[in-house]
Amino acid sequence: MTGPLKNKTNYTGKKLLSVLAHPDDETFGMGGTLALYAQRGVEIHLICATRGEVGEIDPEFKETIKSAACLRTQELRCAAEVLGIQHLHILNYRDSGMPGSEANTHPKALAAQPIEKVAGEVAHLIRQIKPDVVLTFDPIGGYRHPDHIAIQKAAVQAYDLAASENFDDPEGLPPFQANGLFFNTIDRKFLKIMVWVLRLIGQNPHKFGRNKDIDLVALTDVDYPTHVKIDYKPVKKIREKAAACHASQGGIQMNKGFRGFITRLFGRPIDTYMQAYPEVEEGRKVQDDLFL
Ligand SMILES: [Zn+2]
């Protein structure tokens, strides 16, 4: 077998758990990886902490829907089916919005929860699912979204809690130790190119995104090592189809629009990961598989 994941041919019985915050995180961050492993026979689980309640909905959807949460849950189910995510676990917290927004203080807002509480729920699910590998955001949640940061912290705690004798599981499940914990990172080279191109075309890289609340320049200050690169070229079309499910979040433009353009111009369809556990010894070459 040639191409991506050439080192392994059989993933039967393997399980992957992705721990994320909103409907659409599964597609825009690591959709290629999830689709690729699903196609290779890995059982894919997704924990989505919220239903994306405060996501800005494109105007044409506003009149016909009951709520953003309802629409975005539907979009999530659509994308999960396309990507091959077989098991969806929604935690029913509330989307917190970006820093300083009113939604931050809602009593059910994910970012307002004690991390231990969310971690306990995730740890229980880890004991239930028994994943080989667990994926989540990097410590700044990709682009500093408070919910991404909150669920990342919870996932890191949960990874240890699930394996600990001291965790009092609500159903009395025994400890479970997964093989690896990985953080999905944004390729810094890609980020720097984005900043450069935005400036070139007269846009402000400090105010990026649909809501102009992402400071790309500040993101280039932080760096994470790349331990694993997943080439998802064979499932690129599947990822694009999943992005189209998130129509209310501009999913269709996202394939065709600016980011799509930059990706085609400079990037290859590659997801990058930092391996958090087990710790990587210095000088190890970049791997092409999360199931090491
Ligand atoms: Zn998100």
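Note that the structure is a prediction, hence the values are computed from the model and not measured.

Novice: For this particular structure, what's the right way to read the pairing of strand S1 (residues 15-20)?
Specialist: Along any regular strand, the residues point their side chains to alternate faces of the sheet. Along S1, five of the six residues are buried, which leaves the element largely enclosed by surrounding structure. In this sheet, strand S2 (residues 43-50) lies alongside S1 in parallel orientation, the contact comprising six bridges. Of the residues in S2, the one forming a bridge with Lys15 is Glu43. The pairing of S1 with strand S4 (residues 133-137) spans three bridges and is parallel. Note on S4: the bridge partner recorded for Leu16 is Val133.

Novice: Sorry, what's going on with the pairing of strand S7 (residues 270-277) here?
Specialist: Counting buried residues in S7 gives six out of eight residues, a clear majority hidden from the surface. As paired strands, strand S6 (residues 228-231) and S7 are joined by four bridges and run antiparallel to one another. Each residue of the ladder has a partner; that of Val228, found in S7, is Tyr273.

Novice: Can you walk me through the state of the cysteines in this structure?
Specialist: Structurally, a disulfide amounts to a covalent bond that connects the sulfur atoms of two cysteines. Counted according to the given criterion, the structure contains one disulfide. The disulfide partner of Cys78 is Cys245, and the gap between their sulfur atoms is 2.0 Å. Here Cys78 and Cys245 share a disulfide; its torsion about the S-S bond, -60°, makes the bridge left-handed. With Cys78 in helix H4 (residues 68-83) and Cys245 in helix H10 (residues 236-245), the pair connects residues that are 167 residues apart, well separated along the chain.

Each value, and the rule that gives it
- Residues numbered from 1 in each chain as written.
- Predicted model: local features only at pLDDT ≥ 70, side-chain atom pairs only at ≥ 80, totals over all residues.
- Heavy atoms only, no water.
- Buried < 20%, exposed > 50% of the residue type's maximum accessible area, 1.4 Å probe, protein only.
- Helix = DSSP H or I, 4+ residues; strand = E, 2+ residues; numbered from the N terminus.
- Pairing = 2+ DSSP bridges.
- Disulfide = S-S within 2.5 Å.

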